[in-house]
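Residue-level listing of the chains:
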Amino acid sequence: MDNIRNGRFKTGMTDEAAEYTSSLEFDKIIFEADIKTNFAHTLMLKKQNIIDSDIANNILGALDQLKEEGYDELIFDPSVEDIHMAIENYVTSKIGSEAGFMHTAKSRNDQVACDVRLVLRDKITEIQIGILEFIEGLVEFAGNHLEDVFIGFTHLQHAQPITIAHHLMAHVQSLKRDYERLEDTYKRVNLNPLGSAAMATTSFPIDRQLTTDLLGFDAYLENSMDGVSARDFICETTFDLVSLCTTLSKICEELILWSTYEFGVIEMADEYSSTSSIMPQKKNPDVAELARAKCTIVNGELVTILTILKAIPYTYNRDLQEITPHLWNAVSVTQDTLSIVTKMLLSVEFNVERCAKLAGKNFATATDLADIMVREKKIPFRIAHKIVGRIVNEATANNLSEDDITSRFIDDIACSLGFEKLELDDNLLQNALNPIENVKIRSVVGGPAPEMVEIARNNIKLFLNEEFEKKGI
Ligand code: ARG
């Protein structure tokens, strides 16, 4: 097959150089997009009378045939640098040298940018749908645990009682933002670089709006130099994936901790667990551990992409080719991880009794004890904080538990600190120390009270309906 080097050079590249510079290995993913791009461009050339109608029809026919036959029909001889050349060669093999008109007013520079944007917008949508499905599962899961109290942590130390539902719904909010970030990024991905040609457009009277419409882009990129070299849409998408993977990795981290004997608050499904080759009793959270590790790959890809980009002068430089495999790897790791973490978390079983027991232990309800002093006795929160802090200190030193905190005990401590007796009602006291009551009383928006979590669930259901509809589901 005649190739693009024959004019300028008398020899081909060495095999080693050809292999080193080839993008074929990772171009497969843009195969269908490249046919679409060529198709839209050729239609436009025909409509603008830039190329002869019959020739255009022959090109379009050959492209259609290739679409039918698929990637395996391409011939990869050593002259083929990338998928663009392989497709052009295919069209040439079908209709002869007239195929060369297909490349009028087009460069591989605008073509590859166009192809990557076409594929990426679909990948973004697929990932977004995955996120919506995860959210949907979590909202349902939370519905089964609205009243089941659980312990919330700060610094990984007992903090305050919450419910299992409230915790699951926290992940929902994080996932929702990951979804929305992708939604916003999509706007900057779905722009048409075609017509920028190598970097300075063309003298042919092309119609950029037509290819924009044919390819379903929202608009065309207004500057041809920017059109061929902008890759911030890739950085941005990869960052969005890093953010999503951070959410997923944190979920995995919790599952790993929670499934330990020491925490004992969940049971992972056997389907997502492994055992040991020597210790027969082991149930290991290997899937969660690997997901946690794989998320790191996406961070690495973002750094690689940013680092390749940072020292590239305008406009197209071959370095840009090296960016795309990192993007596709980030996409594929994210897709696989999102899918498995969704199934793994939704198959977890909470040990509801253990969760409730932990929620009432280790003075996790102490904040409410301070709050009732403020509410009932009108003392400043800082003084209440001091008294309760000392109560916990004394109780811990004397091996006492929450049940031993009586009104008298409190008053002894208050007096020892130089404050007046509080004479709190013992019933009120027990209510304040009870984790279930503790959760119920936190009925402000965003709080763990069951009716508040129910409101949050309903809001998310509305969001899901709207977004699923937008995505045609
Ligand atoms: N494989 C190349 C890439 O991914 C296509 C563009 C080649 N352009 C060039 N001037 N050599 O960027």
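Quick caveat, the model's predicted, so the values are computed rather than measured.

Next up on the list: the site of the ligand. Close to the ligand lie S23, D82, H84, R108, N109, V112, Y316 and Q321. Between the ligand and D82 there is a distance of 3.4 Å, counted from a nitrogen atom to a side-chain nitrogen or oxygen. Contact between the ligand and N109: a nitrogen atom at 3.0 Å from a side-chain N or O atom of the residue. Contact with the protein chains covers 87% of the free accessible surface of the ligand, which is 350 Å². Of the residues that constitute the shell around the ligand, the class distribution is two nonpolar, four polar and two charged.

Here we come to a negative patch on the surface. On the surface, a cluster of negative charge is made up of D64, E68, E69, D72 and E73. Among the structural elements, E73 can be located in the loop between α4 (53-69) and α5 (83-95). On the basis of relative accessible area, E73 is assigned to the partly exposed category, the value being 41%.

Bridging between strand β1 (residues 149-154) and strand β2 (residues 157-163) involves six bridges; their strand directions are antiparallel. Bridged to F150 within β2 is I162. Linkage of β1 to β2, two consecutive antiparallel strands, is achieved through a turn of two residues, within which H155 is found at a positive phi near 55°.

Turning to the side chain of T337, a few remarks are in order. The topology assignment puts T337 in helix α12 (residues 323-346). With a relative accessible area of 3%, T337 lands in the buried category. Among the polar contacts listed, one links the side chain of T337 to the backbone oxygen of V333, at a separation of 2.6 Å. Those residues in contact with T337, other than ones at most four positions away along the chain, are L248, A291, K294 and C295.

The next point concerns the nonpolar core. Counting residues in each nonpolar core, the largest one holds 110 residues, and the members touching the most others are L74, I131, F134, I135, F150, L255 and F350. Aside from chain neighbours lying at most four places away, what touches F350 is F141, H145, F150, I164, L168, W258, V265, I266 and C355. Core analysis: the next-biggest nonpolar cluster, separate from the first, contains 23 residues, L369, A370, V388 and L429 among them.

All right, on to the packing of helix α6 (residues 108-143) against α12 then. Any two packed helices are characterised by how steeply their axes cross, that is the angle between the axes, and by the distance between the axes. For the pair α6 and α12, the least separation of the axes is 10 Å and the interaxial angle reads 15°. By the angle between their directions, the pair α6 and α12 is classed as roughly parallel. Crossing angle aside, the handedness with which α6 passes α12 is left-handed. Together, V116, V119, L120, K123, E126, I127, G130, I131, F134, G137, L138 and F141 of α6 and T324, L327, W328, V331, Q335, L338, V341, T342, L345 and L346 of α12 make up the contact between the two elements. When the residues that make up the contact of α6 with α12 are grouped by side-chain class, the tally is 15 nonpolar, five polar and two charged.

Its 17 residues place the ends of α4 24 Å apart at the C-alpha level, agreeing with the 24 Å of an ideal helix rising 1.5 Å per residue. What α4 keeps buried is the set I55, A56, I59, L60, A62, L63 and L66. Buried residues in α4, looked at end-on, bunch into an arc of 160°, giving them a common side. Facing away from the buried side of α4, by more than 90 degrees, are the exposed residues D54 and E68. Contacts from the buried residues of α4 go to α3 (31-47) and α5. A side-chain oxygen of the first residue of α4 lies 3.0 Å from the backbone nitrogen of D54; this N-cap is D52. Immediately beyond the C-terminal end of α4, within one or two residues, lies G70, with a positive phi of roughly 95°.

On to the UniProt feature "coiled-coil region" (unreviewed entry) in the protein. Taking the UniProt record as the reference, the feature "coiled-coil region" (unreviewed entry) is found at residues 165-192. From the first C-alpha to the last, residues 165-192 spans 44 Å; its make-up is 89% helix and 7% strand.

This paragraph deals with a nonpolar patch on the surface. Taken together, M199, M225 and Y314 make up a surface patch of nonpolar side chains, about 310 Å² in accessible area. Locating M199 in the fold gives a position in the loop between β3 (191-192) and α8 (208-214). Residue classification places M199 among the partly exposed positions, given a relative accessible area of 31%.

Next up on the list: the pattern of salt bridges. Applying the stated criterion to the full structure yields 17 salt bridges. Two residues, R108 and D82, come together in a salt bridge whose shortest N-O distance is 2.8 Å. Of this pair, R108 sits in helix α6 while D82 sits in the loop between α4 and α5, and the two are 26 residues apart along the sequence. When the shortest N-O distance is used, the salt bridge between K361 and E402 registers 3.9 Å. Placement of the pair is K361 in the loop between α13 (352-359) and α14 (366-377) and E402 in the loop between α15 (381-397) and α16 (407-416), with a sequence separation of 41 residues.

As a further point, take the packing of aromatic side chains. Scanning all chains against the criterion turns up eight aromatic pairs. Centre to centre, the rings of Y71 and F76 are 5.6 Å apart; their planes meet at 45°, and the pair counts as tilted. The exposure class assigned to Y71 is buried, which follows from its relative accessible area of 16%. With a centroid separation of 5.1 Å and 80° between ring planes, the pair formed by F150 and W258 is classed as edge-to-face. Residue F150 is located in strand β1, and its partner W258 is located in helix α10 (residues 232-258); the two are separated by 108 residues in the primary sequence. Each residue in the set F141, F150, W258 and F350 is aromatic and connected to the rest through ring pairs, giving one cluster. Sitting above the plane of the F233 ring, R117 keeps its charged end 3.9 Å from the centroid.

Cut-off values and rules
Residues numbered from 1 in each chain as written. Predicted model: local features only at pLDDT ≥ 70, side-chain atom pairs only at ≥ 80, totals over all residues. Heavy atoms only, no water. Near = heavy atom within 4 Å. Polar contact = N/O pair within 3.5 Å; in protein donor to acceptor, adjacent residues only side chain to side chain. Areas by Shrake-Rupley, 256 points an atom, 1.4 Å probe, with all protein chains shown as cover. Nonpolar A, V, L, I, M, F, W, Y, C, P; charged D, E, K, R; others polar. Patch = residues over 30% accessible without salt bridge, like charges linked within 9 Å, V, L, I, M, F, W, Y side chains within 5 Å. Salt bridge = Lys/Arg side-chain N within 4 Å of Asp/Glu carboxyl O. Lys, Arg positive; Asp, Glu negative; His and termini not counted. Charge placed at Lys NZ, Arg CZ, Asp CG, Glu CD. Helix = DSSP H or I, 4+ residues; strand = E, 2+ residues; numbered from the N terminus. Buried < 20%, exposed > 50% of the residue type's maximum accessible area, 1.4 Å probe, protein only. Pairing = 2+ DSSP bridges. Contact = heavy atoms within 4.5 Å. Core = buried A, V, L, I, M, F, W, Y, C linked by side-chain atoms within 4.5 Å. Axes fitted to C-alpha atoms, helices over the stretch in contact; angles between N-to-C directions. Parallel < 35°, antiparallel > 145°, perpendicular 65-115°, else oblique. Left-handed = near helix turned anticlockwise from the far one by under 90°. Expected span 1.5 Å × (residues − 1). Arc of directions from axis to C-beta. UniProt positions renumbered as here; feature names shortened; annotations may be inferred. Phe/Tyr/Trp six-rings, centres within 6.5 Å; stacked < 30°, edge-to-face > 60°. Lys NZ or Arg CZ within 6 Å of the ring centre and 35° of its normal.

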